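# Summary of structural features
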Amino acid sequence: MSNDFTKVENPVLIVEGKQADNERLKAESDYLRGTIKDDLQDRMTGGFTSDNFQLIRTHGMYQQDDRDIRAERQKQKLEPLHNVMLRARLPGGIIKPTQWLAIDKFADDYTSYGSIRLTTRQTFQFHGVLKPNIKLMHQTLHSVGLDSIATAGDVNRNVLCTSNPVESALHQEAYEWATKISEHLLPKTRAYAEIWLDEERVETTEEDVIEPILGSNYLPRKFKTTVVIPPNNDIDVHANDLNFVAISEGGELIGFNVLVGGGLAMTHGDKSTYPRCADDFGFITKEHALDVAAAVVTTQRDWGNRVNRKNAKTKYTIDRVGVDTFKAEVERRAGVEFSESRSYEFTHRGDSFGWVEGIDGKNHLTLFIENGRILDFDGKSLKTGMLEIAKIHKGDFRLTANQNLIVAGVSAEDKTVIEQLAREHGLISDGVSNQRKSSMACVAFPTCPLAMAEAERYLPGLVDNVETILEKNGLKDDSIILRVTGCPNGCGRAMLAEIGLVGKGPGKYNMYLGSDLAGSRVPKLYKENVDEAAVLSEIDALSARWSAERNDGEAFGDFVIRAGIVEQVIVSFRDFHHA
Ligand code: SRM
Ligand code: SF4
């Protein structure tokens, strides 16, 4: 078989109708340039106008304003205090100490929140960068070998890789694949370099194919890819469009099982939207990874719904055309046949905190960073601590997909001083409960324009209360995977939690129960539109039953299903009903 990425117009598989406005703006954008360059010079507004508001996303930025002060500014007849959030591209989450020094300084000097925010997709965000400083931000990143290309918008996003610090050779190879896949699927337009780095434009002719993989209209919707090393599903495969599950023999990578079509977002009240687990297409040897990645992306590019953005992601395309049809098209385009899936098992998610020694003899320290927010708090100078570590650290840092950070590759002689710095600055504190370490929230207020309820700012206090409840119910050292997202877009991956709280309105959440430790199933709606008092009283009652009735070692999510508290949802996502 030979590979063939050319577009196949199969009318049956293309959704007819008036295309979404985003399709027009991508088509008219001159390969993501728009008029961003001119807009940057316009100081009458702190924001970006018309299509540029969307187009800057493909350069890794979102226009935002601080929602805490929005009403006050409106009263004063001022425009919202526009600024941008930047999300860096960091395949596999690896960042060098020298790079850290640069981003630390930029966060201090040019962001209004002064923080570095680690995300659920292994990278960092700056919040609150004003228009006059945006170009400098990209140039600063570029000067240390970083960029923010394609971390947002209708493209393939930052490629994740399991942060496995122990099996160094396997991790290294998986990480290299994550980097190669990221590069392979990146937009090829020079728009980013021209706008932010002042690169001269090289004129092209009509015959030149600028975007051989993404196409001139890019993808119908965002697209997410991972490389995962079982047994740790720390990157949550089922949140992603395309996953390469590393299959190894004797510690050596031989290939990947390919899982396609995961995604978590939904819209309250719209039953055509739902979370969905990815389907296993089968095994490929590793040399086919790039062709298969391109084949999945181009199939989604050509068959994805460009009429209704709410149903545009790969998960909906697969449900519409059928898994077998989608898979056969991927095989045809890649010139590869999937063989039977190799066996593997995910047993857990999340990070293991503290020191571990890798098989290469190096030491790795995983730090718990609550909500991924690196900032100097009262009594916990996390940002200064990270800066001090970066000044002396000779290895690298690895951001995890759970908003935490690994100080990786520490020699035996540097262990003591690094641990001392981490303790001095509150980056290690012995009193953090297992429950806190198993809890996660998305950003939400004040920066996220889509937030319906608090998440990051709400989580610490919520966990205080849950800790008290668990202790009362004899579960002090136990934990429940608890995740909060401020709206049903699901950035904190509540739809893969044992208890997922999904924002419905101020102080109100839908409560979902029943994912498992490995993250192999989506939880089910249990209570709708509940406030904190109701959430806590439910957690009290449910955890008391779990404590009294659980089988030996039975996790909370498994218990609620066995006890009939909620039904199990595994594969039938078209039957996933929500309010
Ligand atoms: Fe997300 C939009 C933050 C991971 C699904 N997400 C947003 C925006 C940019 C709001 C917006 O569109 O204006 C949020 C910015 C908040 C802020 O102020 O920083 C936002 N998403 C985040 C982050 C920072 C949450 C965090 O606390 O870490 C994560 C950044 C990831 C990264 O580094 O790339 C983040 N977002 C996710 C995930 C989880 C994942 O991928 O593992 C999901 C669910 C998985 C999925 O895609 O199905 C997710 N975000 C969304 C969606 C819904 C997409 C959809 O399919 O409909 C939106 C809204 C949209 O795209 O229209 C969204
Ligand atoms: Fe914002 Fe909603 Fe994502 Fe939270 S889940 S960051 S509220 S878009």
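Residues numbered from 1 in each chain as written. Chains lettered and ligands numbered in written order. Predicted model: local features only at pLDDT ≥ 70, side-chain atom pairs only at ≥ 80, totals over all residues. Heavy atoms only, no water.

Formally: UniProt positions are given in the numbering used here, feature names are shortened, and annotations may be inferred rather than shown by experiment.
The chain is annotated in an unreviewed UniProt entry as Sulfite reductase [NADPH] hemoprotein beta-component of Colwellia psychrerythraea. UniProt, in its Function (unreviewed entry) section for the chain, records the words "Component of the sulfite reductase complex that catalyzes the 6-electron reduction of sulfite to sulfide. This is one of several activities required for the biosynthesis of L-cysteine from sulfate." Its UniProt record gives the chain the following Sequence similarities (unreviewed entry) comment, quoted word for word: "Belongs to the nitrite and sulfite reductase 4Fe-4S domain family."

## A short note on the domain arrangement of the chain
Keep this limit in mind: As used throughout, domain bounds are those supplied by an automatic or database domain assignment. Contacts between residues were defined by any pair of non-hydrogen atoms, one from each residue, lying within 4.5 Å. Take the accessible area each of two parts loses on contact, using a 1.4 Å probe, and add the two losses: that sum is the buried area. Each reported salt bridge corresponds to a side-chain nitrogen of Lys or Arg within 4 Å of a carboxyl oxygen of Asp or Glu.
What the domain assignment lists for the chain is domain 1 (1–45 + 157–202 + 211–350), domain 2 (361–426) and domain 3 (435–575). Taking only C-alpha atoms, the centre of domain 1 and the centre of domain 3 are 28 Å apart. Taken together, the contacts link 20 residues of domain 1 with 25 residues of domain 3. Taken together, both faces of the contact between domain 1 and domain 3 bury some 1800 Å²; the carbon and sulfur share is 59%. Area buried by domain 1 at its contact with domain 3 is led by M266, H268 and R349, which between them contribute 38% of it. Between the two partners, domain 1 and domain 3, sit two salt bridges.

## Some remarks on helix 7 (residues 168–185)
Just so we agree on the cut-off: Only DSSP runs of H or I with at least four residues qualify as helices, and only runs of E with at least two residues qualify as strands; both kinds are numbered from the N terminus onward. The span expected for a helix works out to 1.5 Å for each residue beyond the first. We call a residue buried when its accessible area falls under 20% of the maximum for its residue type, exposed when it is over 50%, and partly exposed in between, using a 1.4 Å probe and counting protein chains only. The directions considered for the arc are those from the helix axis to the C-beta atoms.
End to end, helix 7 covers 26 Å across 18 residues, agreeing with the expected 26 Å (1.5 Å per residue, within 8%). When we look at burial in helix 7, the residues that qualify are L170, H171, A174, Y175, W177, A178, I181, S182 and L185. Around the axis of helix 7, the buried residues are gathered within 155° of arc, so they sit on the same side.

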